[in-house]
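Residue-level listing of the chains:
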Amino acid sequence: VGEAMPVEEVRAIMLMMIQNSGQGYSGIRLETVELIRQCLNLGLTPFVPRDGSVGYLSVEGHVVVSLIGEERIFFNGRWLPSREALAEAGLEPLALAAKEGLILLNGALSPTALAALYLNDLLNAVQNADLIAAMSLEVLKGTVRAFDERLHRLKLHEEQRATAAGVRSFLADSAIAKKFIDHRLQDALSLRGIAQVHGAVKKTLNDALISVENEMNSCSDNPVIMPEGDDGLAISGCNCDAAYVGLEMDSAIAAATLLAKMSERRNNRLVNENLSGYPWFLIKKPGLNSGLMLPQYTQAGLLNEMKMLSMPAVVDNIPTCGDQEDYVSMGYNAAKKARAVVEKLEYILAIELLSVYQAHQFMEEGVNPGSSSQVVLGRISQSVPFIEEDIY
């Protein structure tokens, strides 16, 4: 039930169908795999409602229903009856042979597909977060002493050391960072803890990447058919379980929320005159003008949603199949909510960057940001003015 899945999600699931069955342990015909491949290459995307899966069957079932000529397919910019779309693309509807229906409904296909898409986005977001955090540290006159290599080598976390090195490199030629290196003995945790927190987030996402890539290249079918010397022996088990993906994506979502929490706190310091030393809400004429007050409200609302979404899906259990499936991983929901989380994270980081940009109008003349910051600020200035009064 629910809204249609985005095209990229459906295509990702179809690719996982090829990956899963293409391992050679499913008893599927080559022509069946070939039809899925042709649909991907020619741009035929089945209609798939997004809600109501526990990790298998429902979502995959809608894909296969379209391949056998029922329901709808999106093709050449419009929805068509499946048979009509297949015919227009020069393809025949699939006539399933023994076990093929089960193969295509089975496995950790949709959780793995969604995890691959949104873990990629999360990995990109944390790289952007490093850059934005360094720019916040710079404009808030934070001390780069907290990123000293000698300090960070005392912690045996590679991601932390790499993040600290990145901040040092980013601010290496910053006149602001040099002038204010002793401005404070110690900054707030949202500034001096960037390397530790961002490093921990990266560690969690990198761990998830290993599990997701392993799942992408595994056979998660059930039963599996063992061809080599076993004369087609079928072995039933639980390779279809999505616990690896589900647990990693629940952890990745919690990590993303931790990253967002740090970003919102840095932004709060930027817009608070008592903490930043800049005019309230980073506007030249405060009072009747609200400046960047409301974007922090937006962050607060988004962050609250992210916290709710950080409740792990895999800790819940609702048995199915008349208690034959008395344990259910719920890996699909863990992967599905990553989409909402990464979208909100990107907004929260963008709002922090907007505040960084506006804060620079109040920096004293002749004390310039580093060359890397200047590139980013210059890009923003192409579409965003410094604000003196409230504007759209």
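Help me understand the overall build of the protein, please; the structure alone is not making it clear to me.
The secondary structure content of the protein amounts to 16 helices and 5 strands. With respect to the three principal axes, the spread of C-alpha positions in the protein is 75 × 50 × 35 Å. When the 392 residues of the protein are sorted by exposure, 49% land in the buried category. Pairs at least 24 apart in sequence give 78% of the contacts found in the protein among residues at least 6 apart. For the protein, the accessible surface area stands at approximately 18,200 Å², while carbon and sulfur atoms represent 54% of it.

Mind showing me how you'd approach the packing of helix 12 (residues 243-271) against helix 14 (residues 293-309) here?
Two quantities define a packed helix pair, namely the angle between the axes and the distance from one axis to the other. Relative orientation of the contacting elements helix 12 and helix 14 amounts to 160°, with a least axis distance of 10 Å. As judged from the angle between their axes, helix 12 and helix 14 are roughly antiparallel. When you trace helix 12 past helix 14, the crossing you get is left-handed. In this structure, helix 12 uses I253, A256, T257, A260, K261, S263, E264, R265, N267 and N268 to contact helix 14, whose residues at the interface are Q296, Q299, L303, M306, K307 and L309. Of the residues assigned to the contact of helix 12 with helix 14, the class counts are 6 nonpolar, 6 polar and 4 charged.

Explanation requested: the pattern of salt bridges in the structure shown.
If the charged atoms of two oppositely charged side chains come close together, the side chains can form a pair. Across all of its chains, the model carries 24 salt bridges by this definition. E3 serves as the salt-bridge partner of R339, at 3.8 Å between the closest nitrogen and oxygen. Here the residue R339 occupies a position in helix 15 (residues 331-359), and E3 occupies one in the segment before helix 1 (7-21), the gap between them amounting to 336 residues. With a relative accessible area of 49%, E3 lands in the partly exposed category.

Looking at this model, I keep getting lost on the packing of helix 6 (residues 109-139) against helix 15. Mind explaining?
The interhelical angle for the contact between helix 6 and helix 15, taken along N-to-C directions, is 20°, at an axis separation of 9 Å. The angle between helix 6 and helix 15 places the two elements in the roughly parallel class. When the axes of helix 6 and helix 15 are compared, the crossing they make is left-handed.

So what exactly am I meant to see when it comes to the nonpolar core here?
Soluble globular proteins: nonpolar side chains tend toward being buried together. Among the nonpolar cores identified, the biggest contains 106 residues, and L44, M249 and L345 are the most heavily contacted of them. Ranked by residues supplied to this core, first place goes to helix 6 with 18 residues. Ignoring anything within four residues of it in the chain, the contact list for L44 reads M14, C39, I73, F74, F75, A85, L86, A89 and L91.

Could you clarify how one ought to interpret the packing of aromatic side chains in this entry?
Each aromatic ring pair is described using two quantities: the centre-to-centre distance and the angle formed by the ring planes. Scanning the entire structure with this criterion turns up 5 aromatic pairs. Each ring, one from Y357 and one from F386, has its centre 4.8 Å from the other, and the planes form 25°; the classification is stacked. One end of the pair, Y357, is in helix 15; the other, F386, is in the segment after helix 16 (371-381), and 29 residues separate them in sequence. An aromatic cluster is built from F47, F74 and W79, whose rings are joined through pairwise contacts. Above the ring of W79, the side-chain terminus of R72 is found at 5.2 Å from the ring centroid. When the ring centre of F180 is taken as reference, the NZ or CZ atom of K179 above it lies at 5.7 Å.

Would you mind showing me how to read the state of the cysteines here?
Cysteine pairs can be linked by a disulfide, which is a covalent bond between their two sulfur atoms. Enumeration over the complete set of coordinates arrives at 0 disulfides. Between C238, a free cysteine, and C240, which holds the nearest cysteine sulfur, the sulfur-to-sulfur gap is 4.7 Å.

Quick notes on the rules
Residues numbered from 1 in each chain as written. Predicted model: local features only at pLDDT ≥ 70, side-chain atom pairs only at ≥ 80, totals over all residues. Heavy atoms only, no water. Helix = DSSP H or I, 4+ residues; strand = E, 2+ residues; numbered from the N terminus. Buried < 20%, exposed > 50% of the residue type's maximum accessible area, 1.4 Å probe, protein only. Contact = heavy atoms within 4.5 Å. Areas by Shrake-Rupley, 256 points an atom, 1.4 Å probe, with all protein chains shown as cover. Axes fitted to C-alpha atoms, helices over the stretch in contact; angles between N-to-C directions. Parallel < 35°, antiparallel > 145°, perpendicular 65-115°, else oblique. Left-handed = near helix turned anticlockwise from the far one by under 90°. Nonpolar A, V, L, I, M, F, W, Y, C, P; charged D, E, K, R; others polar. Salt bridge = Lys/Arg side-chain N within 4 Å of Asp/Glu carboxyl O. Core = buried A, V, L, I, M, F, W, Y, C linked by side-chain atoms within 4.5 Å. Phe/Tyr/Trp six-rings, centres within 6.5 Å; stacked < 30°, edge-to-face > 60°. Lys NZ or Arg CZ within 6 Å of the ring centre and 35° of its normal. Disulfide = S-S within 2.5 Å.

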